[in-house]
Amino acid sequence: MKKISFRTDVLPLKNQLYRLALRITLSHQEAEDVVQETMIKIWNRRDSWDTIDSIEALCLTICRNLALDRLRRKDNQNVTLEEQGHDSADNSYSSNPEEQAVQRDHIALVRRLIGSLPEKQRSVMQLRDFEGKSYKEIAKILAISEEQVKINIFRARQTIKKKYIESEQYGL
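Predicted model, so just to flag it, every value in this text is computed and none were measured.

Student: When you look at the overall build of the protein chain in this model, what are you seeing that I'm missing?
Tutor: When its secondary structure is counted, the protein chain shows eight helices and zero strands. From first element to last, N terminus to C terminus, the protein chain shows the α and β order α-α-α-α-α-α-α-α. For the protein chain, the proportion of its 172 residues judged to be buried stands at 40%. Taking as baseline every contact in the protein chain between residues at least 6 positions apart, the subset at least 24 positions apart corresponds to 65%. For the protein chain, the computed accessible surface area is about 10400 Å², with 49% contributed by carbon and sulfur atoms.

Given below as structure tokens:
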């Protein structure tokens, strides 16, 4: 096992931890607090770092658990990313305001649909599609089997696809 350094191995994970916490809590402030708590917990475990196979998996697991704990404490107020003033649409592909508005609407719809997924599906989708983790890494982080990871990703994608098509056809 390699020697783990907080500065070179743990600190570079802060953005990834933040994105995971944000996807779970849907709050910028809560996500920042979760990342800070995660870093403190990891630092307090520095004596056992030599026995850890993957510091990244440990960090992500702790971050996920802390975010879920905070979510449970707040009774999931279901604040969406749009209400938090998250990123606007990518304007590089659209040349006129109408196309840009349509693109913003599509992005807002997809974010709402992702936000409405059950927590496990949302976490799996975040780790796979946004963080680029392998099924094996996701299984280790979430403490579930690789088969469960695949099932949750499939169900999440199918749900989003179905609801997106319904919304586009019926304007719901």
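After presenting the structure, the write-up continues.
Student: It is not clear to me how the confidence of the model for the protein chain should be interpreted in this structure. Could you clarify?
Tutor: Low-pLDDT portions of the prediction should not be read for the details of their coordinates. Model confidence for the protein chain is summarised by a mean pLDDT of 81, while 85% of its residues fall at 70 or above. Looking at the elements of the protein chain, mean pLDDT is at its lowest for helix H5 (residues 97-115), recorded as 81, and at its highest for helix H3 (residues 28-44), recorded as 92.

Student: Would you take a moment to explain the packing of helix H2 (residues 14-25) against helix H6 (residues 119-130) for this structure?
Tutor: H6 packs onto H2 with a crossing angle of 150° between their chain directions and a minimal axis gap of 10 Å. By the angle between their axes, H2 is roughly antiparallel relative to H6. For the pair H2 and H6, the crossing hand works out as right-handed. When H2 is examined against H6, the residues Arg19, Leu20, Arg23 and Ile24 are found in contact with a partner set consisting of Glu119, Arg122, Ser123, Gln126, Leu127 and Phe130.

Student: For this particular structure, what's the right way to read helix H4 (residues 55-73)?
Tutor: Think of an α-helix as turning once every 3.6 residues; residues three or four places apart then point the same way. The end-to-end C-alpha distance of H4, which contains 19 residues, comes to 27 Å, matching closely the 27 Å that a straight helix rising 1.5 Å per residue would cover. When you tally the buried positions in H4, you get 14 out of 19 residues, the bulk of the element.

Student: Got a minute to help me understand the packing of aromatic side chains in this structure?
Tutor: Where two aromatic rings form a pair, the distance of their centres and the angle of their planes describe that pair. Here the structure, examined in full by the defined rule, presents three aromatic pairs. Relative to tryptophan 49, the ring of phenylalanine 6 lies with its centre 6.2 Å away and its plane at 5°, an arrangement referred to as stacked. Residue phenylalanine 6 is found in helix H1 (residues 6-10), and its partner tryptophan 49 is found in the loop between H3 and H4; the two are separated by 43 residues along the sequence. With a relative accessible area of 7%, tryptophan 49 lands in the buried category. Their ring planes at 75° and their centres at 6.2 Å tell us that tryptophan 43 and tryptophan 49 sit as a pair that is edge-to-face. The partly exposed category is assigned to tryptophan 43, whose relative accessible area is 38%. Above the plane of the ring of phenylalanine 130 lies arginine 23, whose end atom (NZ or CZ) is 4.1 Å from the centre. The lysine or arginine in question, arginine 128, covers the ring of tyrosine 135, its NZ or CZ lying 4.3 Å from the ring centre.

Student: What exactly am I supposed to notice about unusual backbone geometry here?
Tutor: The bulk of non-glycine residues show a negative phi, and the bulk of peptide bonds are trans. Here leucine 26, not a glycine, exhibits a phi torsion of approximately 60°, which is positive. As for its position among the elements, leucine 26 is in the loop between H2 and H3. You will see that alanine 143, though not glycine, has its phi angle at about 60°, which is positive. Turning to its location among the elements, alanine 143 is positioned in the loop between helix H7 (135-142) and helix H8 (146-170).

Parameters at a glance
- Residues numbered from 1 in each chain as written.
- Predicted model: local features only at pLDDT ≥ 70, side-chain atom pairs only at ≥ 80, totals over all residues.
- Heavy atoms only, no water.
- Helix = DSSP H or I, 4+ residues; strand = E, 2+ residues; numbered from the N terminus.
- Buried < 20%, exposed > 50% of the residue type's maximum accessible area, 1.4 Å probe, protein only.
- Contact = heavy atoms within 4.5 Å.
- Areas by Shrake-Rupley, 256 points an atom, 1.4 Å probe, with all protein chains shown as cover.
- pLDDT = per-residue confidence, 0-100.
- Axes fitted to C-alpha atoms, helices over the stretch in contact; angles between N-to-C directions.
- Parallel < 35°, antiparallel > 145°, perpendicular 65-115°, else oblique.
- Left-handed = near helix turned anticlockwise from the far one by under 90°.
- Expected span 1.5 Å × (residues − 1).
- Phe/Tyr/Trp six-rings, centres within 6.5 Å; stacked < 30°, edge-to-face > 60°.
- Lys NZ or Arg CZ within 6 Å of the ring centre and 35° of its normal.

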